[in-house]
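The chain contents come next:
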Amino acid sequence: MNEYIIICLFALLGSGLTFFSGFGLGTLLVPVFAIFFPIDLAIALTAVVHFLNNIFKLTLIGKNANRQIVLKFGLPAILSAFLGAYVLTFIVNIPPLYTYAISDKIFYITPVKLIIAILLFIFSLFDIVPKLAKLDFDEKYIPLGGLLSGFFGGLSGNQGALRTAFLIRANLTKEAFIATGVVIAVLIDISRLTVYSVDILKVGDKIDYMLLISATLSAFAGAVLGNRLLKKITVKTLQLIVGVMLLIFSVLLALGIV
């Protein structure tokens, strides 16, 4: 029963935060699931909750998505996500750059996570530093953002933060920003899951389906709460929230904690 309470609580909180930032649910759920289940099963359960939650969010706000940005960002992201997932099969055994331990927990700093962390740290400054916040990315860079987000998403699973870092600069309304990110996230999830499905099916008989349903419903509840709170915040506040979360996430990623 303890695992139900803890996992559902993190699913609810993670989904609520992800609604604004565009990333974080998978990052929160994998280590929480891993407390109670083997890591391969934890990743499988998280992948399912993440995908279903994005589908649910589409029903809430999908109509606000900017179709032009979805096409410019999403199509390159889908293709590069396949490539990233494929590359992962070759580099999965590359040793970490550095390994360290805190108490009984071992952390690994890998080349992929370090590269993503550096990119995210730079992007976070554009949302936090006032002078940089006034700068805008030319729309021609949107496809590049899709390529990078999709590739690193397929390679490491960390695509939401990089996607958000580009989209927050695309001059979208707060509703369009979140909805567009959700549509793109669903497209990338589908792309990734087609590659990951073989590993997920291997642990299908070990999945606690009642726990999976409970975690998914909790994530749905978090999305509903996030949607209601969305009306009470400004675009500037949203940009600041994203910037701070990008900064924190980049540091944790660089240290191998997430």
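Residues numbered from 1 in each chain as written. Predicted model: local features only at pLDDT ≥ 70, side-chain atom pairs only at ≥ 80, totals over all residues. Heavy atoms only, no water.

A. Representation of the overall build of the protein within the structure. Within the protein, the secondary structure is distributed over eleven helices and two strands. Along the protein, helices (α) and strands (β) appear in the sequence α-α-α-α-β-β-α-α-α-α-α-α-α when read from the amino end. Compactness check: the protein gives a C-alpha radius of gyration of 17 Å against a globular reference of 18 Å for 258 residues, within 12% of the reference. A principal-axis box enclosing the C-alpha atoms of the protein has dimensions of 45 × 40 × 35 Å. Counting across all 258 residues of the protein, residues that qualify as buried make up 46%. Considering only residue pairs separated by 6 or more positions, the protein has 80% of its internal contacts joining residues 24 or more positions apart. By element, 72% of the accessible surface of the protein is carried by carbon and sulfur atoms, the whole surface being about 12900 Å². (Helix = DSSP H or I, 4+ residues; strand = E, 2+ residues; numbered from the N terminus. Rg over C-alpha atoms; globule rule 2.2 N^0.38 Å. Buried < 20%, exposed > 50% of the residue type's maximum accessible area, 1.4 Å probe, protein only. Contact = heavy atoms within 4.5 Å. Areas by Shrake-Rupley, 256 points an atom, 1.4 Å probe, with all protein chains shown as cover.)

B. Local environment of the packing of aromatic side chains. In this structure the tally under the stated criterion is three aromatic pairs. Ring centres of Phe56 and Phe220 lie 4.2 Å apart, and the angle between their planes is 20°; this geometry places the pair in the stacked category. One end of the pair, Phe56, is in helix H3 (residues 39–61); the other, Phe220, is in helix H10 (residues 209–230), and 164 residues separate them in sequence. For Phe56, a relative accessible area of 21% puts it in the partly exposed group. (Phe/Tyr/Trp six-rings, centres within 6.5 Å; stacked < 30°, edge-to-face > 60°.)

C. Fine view of the nonpolar core. If you look at the biggest cluster of nonpolar residues, it comprises 42 residues, and the most contacted ones within it are Phe73, Leu120, Phe177, Ile178 and Leu246. Among the elements of the structure, helix H1 (2–21), helix H4 (67–91), helix H5 (111–128), helix H7 (142–156), helix H8 (160–167), helix H9 (174–202), H10 and helix H11 (235–254) are those that each provide at least two residues to this core. A per-element tally of this core places H9 first, with eight residues. Residues contacting Phe177, with those up to four places away along its chain left out, are Phe20, Thr164, Leu167, Ile168, Leu172, Leu238 and Val242. Within the second largest apolar cluster, 20 residues are counted, among which are Phe33, Leu41, Leu212 and Ala219. (Core = buried A, V, L, I, M, F, W, Y, C linked by side-chain atoms within 4.5 Å.)

D. Fine view of the environment of Ile106. With respect to the helices and strands, Ile106 occurs in strand S2 (residues 105–109). Residue Ile106 is classed as partly exposed on the basis of its relative accessible area, which comes to 44%. Taking the C-alpha atoms as reference points, Ile106 and Gly181, 75 residues apart in sequence, are found 33 Å from one another. Discounting chain neighbours no more than four positions away, the residues touching Ile106 are Thr99, Tyr100 and Ala101.

E. Local environment of H8. Most of H8 sits inside the fold, with eight of its eight residues counted as buried. Within H8, the full set of buried residues consists of Gly160, Ala161, Leu162, Arg163, Thr164, Ala165, Phe166 and Leu167.

F. Highlighting the pairing of strand S1 (residues 98–102). Sheet topology note: the S1/S2 ladder contains five bridges and is antiparallel. Pairing of Tyr98 across the sheet is with Ile109, part of S2. Linking S1 to S2, which pair antiparallel, is a turn of two residues; within it Ser103 sits at a positive phi near 60°. (Pairing = 2+ DSSP bridges.)

G. Structural view of the confidence of the model for the protein. With 91% of its residues at a pLDDT of 70 or more, the protein shows a mean pLDDT of 81. Predicted confidence in the protein is weakest over helix H6 (residues 130–133), with a mean pLDDT of 69, and strongest over H10, with 90. (pLDDT = per-residue confidence, 0-100.)

H. Summary view of H10. In a regular helix each residue adds 1.5 Å, so 22 residues correspond to 32 Å; H10 covers 31 Å between its end C-alpha atoms and thus fits that length. One side-chain oxygen at the N-terminal end of H10 lies 3.3 Å from the backbone nitrogen of Met210; it belongs to Asp208. (Expected span 1.5 Å × (residues − 1). Polar contact = N/O pair within 3.5 Å; in protein donor to acceptor, adjacent residues only side chain to side chain.)

I. View of the packing of H1 against H10. Interhelical geometry of H1 versus H10 gives an angle of 35° and a closest axis separation of 7 Å. Read as a crossing pair, H1 and H10 show a hand that is right-handed. (Axes fitted to C-alpha atoms, helices over the stretch in contact; angles between N-to-C directions. Left-handed = near helix turned anticlockwise from the far one by under 90°.)

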